[in-house]
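Remarks on the overall topology
Okay, here's what each chain looks like letter by letter:
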Amino acid sequence: MVLNVGILVSGRGSNMQAIIEANREGRLGVDKIVVLSDNPDAPALDKANALGVEAIYIPVKSNGAKLTPEEEDMFVKELKDRDVGLVCLAGFMRIISHGILREYEGRIINIHPSLLPSFRGLNVHERVLEYGCRYTGCTVHFVTADVDAGPIILQACVPVRQDDTPETLAERVLREEHRIYPMSVRLFSEGRLSIEGRRVIIEGWEDYE
Ligand code: GAR
């Protein structure tokens, strides 16, 4: 199966970079990657270009949490023009609720820096420390209309240290994000993922390496 991937970014783009690099090393089985951003100043756009990947700014006017239906349609057009079969949200700081979700439900995934279903939303590391959690981590999940609540594909666990700050914790969690996000893309491209209710079944997971 030929799979093209669209990565949606708003900022730094380190997860985007991890996916692009893993693919360059031949680990993902993805054909083409395109990067789309709602932010003209996202460092991710330059990073993608430097890695030889097409990167496009979508001129969105609204600055609320949600994109308008017309704005989502602009994303859908670019994705469909490139025959994208999997959309990866990688630090894309908008809520998707219209055309992108309709077009790509079951083929759109996100990374979130907590062990969902705990700590949905923003300022995750601050809240994890406030609660005195002993463990935190990150989650790759399918995107649904319910924000940060779609079926879970992979998670990684990170112990919390008593002297952690939100920054030190974010750094250790990010290292795990860079490991499980490319792995999730690979599982998708290998056709191993199926959604059953709330759960994702991974074919051959017990023997996977
Ligand atoms: C990552 O930590 C990602 O998990 C988080 O934003 C960061 C983006 O970093 N995403 C969310 O909080 C989504 N709700 P990156 O641009 O370097 O990949």
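Up top you'll find the structure we're talking about.
Details of the side chain of His-112
Considering the arrangement of structural elements, one finds His-112 in strand S5 (residues 108-112). With a relative accessible area of 4%, His-112 lands in the buried category. A distance of 2.7 Å separates the side chain of His-112 from the backbone oxygen of Phe-119, its partner in a polar contact. For His-112, the residues in contact, after removing those within four places along its chain, are Phe-119, Arg-120, Gly-121, Val-124, Cys-138, Thr-139, His-141 and Asp-148.

Examining unusual backbone geometry
With omega at 15°, the peptide bond leading from Leu-116 into Pro-117 counts as cis. As for its placement among the helices and strands, Pro-117 is situated in the loop between S5 and helix H5 (124-130). Positive phi, normally seen in glycine, also occurs at Asp-148, with a value near 60°. With respect to the helices, strands and loops of the structure, Asp-148 is situated in the loop between strand S6 (135-142) and strand S7 (152-159).

Digging into the nonpolar core
Membership of the largest hydrophobic core comes to 38 residues, with the highest contact counts inside it found for Val-5, Ile-7, Ile-33, Val-35, Cys-88, Ile-109 and Val-185. Setting aside residues up to four positions removed in sequence, Val-185 forms contacts with Val-5, Ile-19, Leu-28, Val-30, Leu-86, Cys-88 and Ile-109. Counting 20 residues, the second-largest nonpolar core is a separate cluster that includes Val-34, Val-60, Val-87 and Phe-92.

As for the site of the ligand
The environment of the ligand is made up of Arg-12, Gly-13, Ser-14, Asn-15, Gly-91, Met-93, Ile-111, His-112, Pro-113, Leu-174 and Glu-177. Between Arg-12 and the ligand, the recorded distance is 2.6 Å, taken from a side-chain N or O atom to an oxygen atom. Computed on the free molecule, the ligand has an accessible area of 450 Å², of which 86% lies beneath the protein chains in the complex. Put simply, the parts of the chain that give the shell around the ligand at least two residues each are helix H1 (14-24), S5 and helix H6 (166-189). The class makeup of the residues in the shell around the ligand is four nonpolar, five polar and two charged.

Remarks on the packing of H1 against H6
Contact geometry for H1 and H6: axes closest at 9 Å, N-to-C directions at 45°. For the element pair H1 / H6, the angle class is oblique. As H1 packs across H6, the resulting crossing turns out to be right-handed. Judged by residue contacts, Ser-14, Asn-15, Ala-18, Ile-19 and Ala-22 of H1 engage Leu-174, Glu-177, His-178, Tyr-181, Pro-182 and Val-185 from H6. In terms of residue class, the contact of H1 with H6 is made up of seven nonpolar, three polar and one charged.

Some points on the packing of H1 against helix H2 (residues 43-50)
Interhelical geometry of H1 versus H2 gives an angle of 15° and a closest axis separation of 9 Å. Classified by the interaxial angle, the pair formed by H1 and H2 is roughly parallel. Two packed elements cross with a definite hand, and for H1 against H2 that hand is right-handed. In this structure, H1 contributes Ser-14, Met-16 and Gln-17 to the contact, and H2 contributes Ala-44, Lys-47 and Ala-48.

Brief notes about H1
With respect to burial, H1 is a largely interior element, eight of its eleven residues being buried. On the buried face of H1, the contacting elements are strand S1 (4-9), strand S2 (33-37), H2, strand S4 (84-89), S5 and H6.

Rules behind the numbers
- Residues numbered from 1 in each chain as written.
- Predicted model: local features only at pLDDT ≥ 70, side-chain atom pairs only at ≥ 80, totals over all residues.
- Heavy atoms only, no water.
- Helix = DSSP H or I, 4+ residues; strand = E, 2+ residues; numbered from the N terminus.
- Buried < 20%, exposed > 50% of the residue type's maximum accessible area, 1.4 Å probe, protein only.
- Polar contact = N/O pair within 3.5 Å; in protein donor to acceptor, adjacent residues only side chain to side chain.
- Contact = heavy atoms within 4.5 Å.
- Core = buried A, V, L, I, M, F, W, Y, C linked by side-chain atoms within 4.5 Å.
- Near = heavy atom within 4 Å.
- Areas by Shrake-Rupley, 256 points an atom, 1.4 Å probe, with all protein chains shown as cover.
- Nonpolar A, V, L, I, M, F, W, Y, C, P; charged D, E, K, R; others polar.
- Axes fitted to C-alpha atoms, helices over the stretch in contact; angles between N-to-C directions.
- Parallel < 35°, antiparallel > 145°, perpendicular 65-115°, else oblique.
- Left-handed = near helix turned anticlockwise from the far one by under 90°.

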